[in-house]
Amino acid sequence: MSQDAKYKVNIYQTPKPKKVPKAVSGELKGAASAKAIARMKKESVDCPVVKREVAFLVCFACPSFLRRVTGTVDCAGGQGPPPEWLLG
Ligand code: SF4
């Protein structure tokens, strides 16, 4: 059963990409093509839970991430990303 999104969060291209911790980028290797990962590295969301800009790849690995629908993240609005993932 698909979970309902509490928030619909806009994804945007950022001129100053946020750093993605190795723990997150390492897990994604093999899950998506290098080209797709390179593109997603330039994307951010304004997270309504931690109330700051978060790298899209961190959002993607976050426990509250449900799905990406084109330019939007469906977010369950529960636990946000761990503080050690929020770099830069
Ligand atoms: S999935 Fe996580 S990082 Fe993304 S918007 Fe929701 S709480 Fe924030």
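Preceding this paragraph is the structure being described.
(A) Inspection of the environment of Lys6 at higher detail. Structurally, the position occupied by Lys6 is in the segment before strand S1 (7-13). Distance from Lys6 to Ile37, taken between C-alpha atoms, is 26 Å for residues 31 residues apart in sequence. Once you skip the residues sitting within four places of it in the chain, Lys6 turns out to touch Cys75, Ala76 and Gly77.

(B) Structural view of the sheet that holds strand S2 (residues 43-47). Pairing is antiparallel in the open sheet, where five strands are placed in the order S3-S2-S1-S5-S4. The sheet terminates laterally at strand S3 (52-55) and strand S4 (65-69), the two strands that pair on one side only. Going across the sheet, the axis of each strand differs from the next one's by a mean of 30°, ignoring polarity. By the bridge criterion, four bridges tie S4 to strand S5 (residues 72-75) in an arrangement that is antiparallel. Within S5, the residue paired with Arg68 across the bridge is Val73.

(C) Representation of the site of the ligand. The environment of the ligand is formed by 13 residues, the closest being Cys47, Val49, Cys59, Cys62 and Cys75. Among the secondary structure elements, those contributing two or more residues to the shell around the ligand are S2 and S5. Across the shell around the ligand, the residue classes tally to 11 nonpolar, two polar and no charged.

(D) Representation of unusual backbone geometry. The phi torsion at Lys51 lies on the positive side, around 55°, for a residue other than glycine. Along the chain, Lys51 turns up in the loop between S2 and S3. Assessed through the 9 C-beta atoms surrounding it within 10 Å, Lys51 is described here as exposed. Of note, Thr70 is a non-glycine position whose phi angle comes to about 45°, a positive value. Considering the arrangement of structural elements, one finds Thr70 in the loop between S4 and S5.

(E) Looking closely at the nonpolar core. In this structure, Val45, Leu57, Val58 and Cys59 are the most contacted members of the largest nonpolar core, which totals 17 residues. For this core, the secondary-structure elements that each account for two or more residues are S2, S3, helix H3 (56-61) and S5. Residue contributions to this core peak at six residues, all from H3. Ignoring any residue separated from it by four or fewer positions in sequence, one finds Val45 in contact with Val9, Asn10, Ile11, Val54, Phe56, Cys59 and Val73.

(F) Local environment of the pairing of S2. Counting buried residues along S2, four of its five residues qualify, which places the element largely inside the surrounding structure. Relative to S2, S1 runs antiparallel, the two sharing three bridges. By the bridge assignment for S2, Gln13 is matched with Glu43. By the bridge criterion, four bridges tie S2 to S3 in an arrangement that is antiparallel. Of the residues in S3, the one forming a bridge with Cys47 is Arg52. Count of turn residues in the S2/S3 antiparallel hairpin: four residues, of which Lys51 carries a positive phi of about 55°.

The rules behind the values
- Residues numbered from 1 in each chain as written.
- Predicted model: local features only at pLDDT ≥ 70, side-chain atom pairs only at ≥ 80, totals over all residues.
- Helix = DSSP H or I, 4+ residues; strand = E, 2+ residues; numbered from the N terminus.
- Contact = placed C-beta atoms within 7 Å.
- Pairing = 2+ DSSP bridges.
- Axes fitted to C-alpha atoms, helices over the stretch in contact; angles between N-to-C directions.
- Near = placed C-beta within 6 Å.
- Nonpolar A, V, L, I, M, F, W, Y, C, P; charged D, E, K, R; others polar.
- Buried ≥ 20, exposed ≤ 12 C-beta atoms within 10 Å, placed from the backbone.
- Core = buried A, V, L, I, M, F, W, Y, C linked by C-beta atoms within 7 Å.

Geometric values such as these leave the question of function open.
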